[in-house]
Amino acid sequence: MDTNLKLLMDFIFGTLPWVTYATFLFGISLKLYTWFSTSPPSRTVPSSISRTPISAESIRLTIGQFIYLLLFQGRFIKPKAKSFVLWLMSFSAHISLFLILFGHLRPIGVWSASWFAWMASEQFLTRDLPFYLGWVVLGGFSLLLVRRVVDRSVRSISGFDDYFLLAILITIFLAGNMMRVSPYIHESFALRISPSIVMQLKETPSLIWLAVHGIAAQVLIMYMPFSKLFHIIASPFTILAYSIRHGRLYGGMKT
Amino acid sequence: MKLETLKEVSPFTMLQLETCARCAHCAEYCPVYDVLKKPQVMPGGRVSVMLKIIKSGVNPWFALYRSKTNKLNEIENYVENVYNCALCGRCMAVCPFGIQTDILWELFRKIVYRFNKHPPVLKEVDKFILSTYNAYGVGNDARSMWVDYLGLDNAKINERSDVVYFVGCTSSFKAVAQDIAYATSLILNHARLSWTLLGEDEWCCGAPLLMIGDEDGARKMAEHNVKAIENLDAKLVVSACPGCARTIKQKYPSLIGRALRFNVMHVMELLDLYIRKERMPLKGIEKESALVTYHDPCELARLSGVIDEPRHVIHAVTFSFREMPEGKKDVRCCGGGGILQAVNDELRLSIAEKRVRQAQALEAEILTSACPACKITLMDGLKKIGVKMQVLDVTELFARKLGLM
Ligand code: HEM
Ligand code: SF4
Ligand code: SF4
């Protein structure tokens, strides 16, 4: 590897992560600080919904609603064509995205392809599948971007944040897939992404695209607490809260 | 503006506001956006503005969060939109994150109210509810006049009973809705329940005050009504108004800071229960043969989960029934909610028009609902488009078929 490239890689995967972690933590702390300075928690008086005893029926409804929302089915409440298209784009993009994020844990040693050997070959699971999923994510988020520009309603409430995020995300996935499209060097490669975490890759990907991938991904993480990407952290809580309310309202509170 | 003015805003409120991905899925479903087509009234747009206003009032020294605009100005420019909302809760039901917008919108109104920036007409309404204890600004001693006027015999007023029938302002004072009060009374008699009216001691349930943003006013109403009901040792409060029933059941405990000593039901729940337990004599009834449809009141279906009950009741007395599109949990609001009639009646009528056209397309002969505000709004909608269709509350349909009225 030539020295300049090595220096660049050291910066992106050695130094920058510290900035990324620090910015992320600062953002989250600032958010929490702001939230908690809006109100003294003691003011919260339990409503009758939170006083309702939990019945088997309300637990069933809560779990059902939670799964329903996790599958993005909330947007499917009525078979409207527009809702369906939106569901298809965002659900396929998100599910592929989750699988790819999960995939990133393998080279770190969290799981191994042999666990899933009964499903498909290692080659398919670690090379082909992520590659295809990458295109699904790219396609999905690109279509969401198109929708944001073309659909009058969505455009009317969109701002810099919305477009910037989509651009970053598209960059990450484009670079990720380009690493695989451009020629490989058939040598193993160890990528240190923090003092204790090393990604063990079987082959060396295109380093330029790897650099782009690494920078864009870290920009996304840094930006997360300051943008609507915060829904990544927050949505499980809002979905759970709504599900519990829904379960009680439709189950426990009725007589 | 100082921080303490926003103390209603809890960390969970902030979490919900910051979760909105501005996907605009709600735009497809909001009846107000459907008419006005302004980003400021789209639920996702409302969230953005609310967040901006709140943040501009929090920690003004935090440059990162400081918004250049002055919060009061922002609120002023935005008030009209805050009240251009039917509080129907549909945006919550379709939001992929389940953001509980109904609670957020009420909170938004509370903030506006606190800055005394609510529209003049609502200042009037607020004032007269607080002084007359009803939403129509007439003497509250007229609350039970419908009893004599419609000839209801042996009605108990403010006497010890198992059941209190909480009539609500609309059914007490509005002529077309008084039939609902009458029908409900006849049904309670037919079921041989020991029940009473509260008469003058029934005050506005407080829902309109909450819609204006006056929480303290609503608390005053709640405290009075709870005392009046508990004084009679009643075990159950029944109402034919979904707004009253929901306010008492879901909001009173947090308003007065303790649990209620009685249960609350909408009359549809009670009727359904009595029919299923065969405690409601149905012998010899002649079922309705005209084509009936049913409009779910938002407060009853989506916001209280009472969806199957009214349908069971209708099926007990009719032969032919057809479902409306956009019904049940996903019901399209008729426009009667959110105190729109006072704030923007034109908007209310445009929303109503869309809903009644759907009933018209079904070729329904009788359009039923289970809410006095819906009944009035649907009738106004039909008048607007010049279509003749009978609008009945399910209680009226039921009482008629039982030959009670
Ligand atoms: C439980 C977890 C999650 C849920 C329920 C969820 C749900 C959603 C929904 C409903 C949207 C709106 C799509 C639209 O614009 O129409 C969205 C947008 C988005 N999500 Fe997520 N998401 C989750 C996690 C994530 C994660 C882990 C990431 C990335 C690392 C992510 C990245 C994005 C991006 C970039 C957008 C913007 C798309 C746009 O503006 O059109 N999400 N998400
Ligand atoms: S559906 Fe929910 S997340 Fe989407 S714009 Fe509306 S409020 Fe925001
Ligand atoms: S409550 Fe109803 S009218 Fe108000 S923003 Fe939501 S969908 Fe629109």
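Every value quoted in this text rests on a predicted model; they were computed, and no experiment measured them.

1. Digging into unusual backbone geometry
A negative phi holds for most residues other than glycine; trans holds for most peptide bonds. At Asn158(B), a residue that is not glycine, the phi angle is positive and equals roughly 55°. In this structure, Asn158(B) sits in the loop between helix H8 (145-149) and strand S1 (163-165).

2. Here's the deal with the coordination of the iron atom of ligand 1
All names here are of chain A. Looking at the iron atom of ligand 1, the protein donor atoms are His94 (NE2) and His231 (NE2), and they sit 2.0 to 2.1 Å from it. Angles of 84 to 179° at the metal separate the six donor atoms of the iron atom of ligand 1, which places the site in the octahedral class. Here the residue His94 occupies a position in helix H4 (residues 81-103), and His231 occupies one in helix H9 (residues 231-252), the gap between them amounting to 137 residues. Taking the relative accessible area as the measure of exposure, His231 reaches 13% and is therefore buried.

3. Quick look at the sheet that holds strand S6 (residues 366-369) of chain B
Residue and element names in this part refer to chain B. As summarised here, the arrangement of the three strands in space is S5-S6-S7, forming an open sheet in which the pairing is parallel. Looking at the sheet topology across the chains shown, the edges are occupied by strand S5 (292-294) and strand S7 (390-393). On average, each strand axis in the sheet is inclined to that of its neighbour by 30°, with strand direction left out of account. Taken together, the three bridges between S5 and S6 define a ladder with parallel strand orientation. In the sheet register, Thr293 faces S6, and the bridge partner there is Leu367.

4. Overview of the sheet that holds strand S4 (residues 263-266) of chain B
Residue and element names in this part refer to chain B. Taking strand neighbours across the sheet as the criterion, the four strands line up as S2-S1-S3-S4 in an open arrangement whose pairing is parallel. On the outer flanks of this sheet lie strand S2 (195-197) and S4, each paired with one strand and no other. Ignoring which end each strand starts from, the neighbouring axes of this sheet average 25° apart. Across three bridges, the pairing between S1 and S2 is parallel. Residue pairing across strands places Tyr165 opposite Leu197, the latter belonging to S2. Strands S1 and S2 of the sheet are contacted by helix H10 (residues 175-190), whose axis makes an angle of about 160° with S1. Docked against the sheet, helix H13 (residues 242-256) engages strand S3 (236-239) and S4, running at close to 160° with respect to S4.

Cut-offs and rules
Residues numbered from 1 in each chain as written. Chains lettered and ligands numbered in written order. Predicted model: local features only at pLDDT ≥ 70, side-chain atom pairs only at ≥ 80, totals over all residues. Heavy atoms only, no water. Helix = DSSP H or I, 4+ residues; strand = E, 2+ residues; numbered from the N terminus. Donors = N, O, S within 2.8 Å, 3.2 Å for Na, K, Ca; no water. Tetrahedral: all angles 85-135°; square planar, octahedral: opposite > 155°, others 65-115°. Buried < 20%, exposed > 50% of the residue type's maximum accessible area, 1.4 Å probe, protein only. Pairing = 2+ DSSP bridges. Axes fitted to C-alpha atoms, helices over the stretch in contact; angles between N-to-C directions. Contact = heavy atoms within 4.5 Å.

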